[in-house]
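# Structural overview for review
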Amino acid sequence: MSENPRLTHINAAGEAHMVDVGDKTETTRVATAEGFVRMLPETLALIRDGNAKKGDVIGTARLAGIMAAKKTADLIPLCHPLMLTKVSVDIVEDAALPGLRVTATAKLSGKTGVEMEALTAVSVACLTIYDMAKAADKGMDIGGIQLLAKSGGKSGDWQREQ
């Protein structure tokens, strides 16, 4: 944490406001986030085998995550609309959960970071997995949504300690 932490979306009067990024330097900015959906082993098998009633769970969740990253400014108040140059969403089986682990990376060349876009992509991908498999397992657990790393900008690089 910085020496003088402050909430950048709160002005001197304590009111929420959108940060002016007009004078910031354009840099390449990348952020990666992750999350998971824990489920019954039988539900994971349905998804793995392509037998979910609603269709391709992983492919649909990947697309939903990418689309969500592009719409972050419409979902999160005070986020700047961004011209993303790349969004990737990877969904892999994690037998230890059991379930699916979702990782998203967002990238751009711009004046503000892409942490919220990566986190939104993960969140919506996880929600899509739940939606598509809830007929088989309403007790699925969504969790662990967190920023893993970010690079670029004035604050520089940051990586979550493992």
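We now turn to the structure provided with this report.

Attention now goes to the environment of Leu-46. Positionally, Leu-46 belongs in helix H1 (residues 41–48). In sequence terms Leu-46 and Glu-15 are 31 residues apart; their C-alpha atoms lie 48 Å from each other. Setting aside residues no more than four positions away along its own chain, Leu-46 makes contact with Asn-51, Ala-52 and Ala-136.

For the rest of this paragraph, the subject is the nonpolar core. Met-39, Leu-84, Val-89, Ile-91, Leu-100, Val-102 and Ile-129 are the most contacted members of the largest nonpolar core, which totals 31 residues. For this core, the secondary-structure elements that each account for two or more residues are strand S1 (27–38), H1, helix H2 (57–70), strand S2 (86–94), strand S3 (99–110) and helix H4 (115–133). Ranked by residue count, the leading element in this core is H4, at nine residues. Every residue in contact with Val-89, bar those within four places of it in the chain, is listed here: Arg-62, Gly-65, Ile-66, Val-102, Thr-103, Ala-104, Ala-121 and Ala-125.

Below, the discussion takes up the pairing of S3. Note: S1 against S3, 12 bridges, orientation antiparallel. Within the sheet, the bridge partner assigned to Ala-33 lies in S3 and is Ala-104.

Turning our attention to the pattern of salt bridges. Applying the stated rule across the entire model yields seven salt bridges. Measuring nitrogen to oxygen at the nearest pair gives 3.7 Å for the salt bridge that ties Asp-74 to Lys-71. According to the relative accessible area criterion, Lys-71 is partly exposed, its value standing at 48%. Across the pair Arg-101 and Asp-94 runs a salt bridge whose closest N-O atoms are separated by 3.0 Å. You can call Arg-101 partly exposed: its relative accessible area is 23%. Given a relative accessible area of 17%, Asp-94 falls into the buried group. The network of salt bridges with common partners includes Glu-34, Asp-94 and Arg-101.

Rules and cut-offs
- Residues numbered from 1 in each chain as written.
- Predicted model: local features only at pLDDT ≥ 70, side-chain atom pairs only at ≥ 80, totals over all residues.
- Heavy atoms only, no water.
- Helix = DSSP H or I, 4+ residues; strand = E, 2+ residues; numbered from the N terminus.
- Contact = heavy atoms within 4.5 Å.
- Core = buried A, V, L, I, M, F, W, Y, C linked by side-chain atoms within 4.5 Å.
- Buried < 20%, exposed > 50% of the residue type's maximum accessible area, 1.4 Å probe, protein only.
- Pairing = 2+ DSSP bridges.
- Salt bridge = Lys/Arg side-chain N within 4 Å of Asp/Glu carboxyl O.

This is a description of form; function is not addressed.
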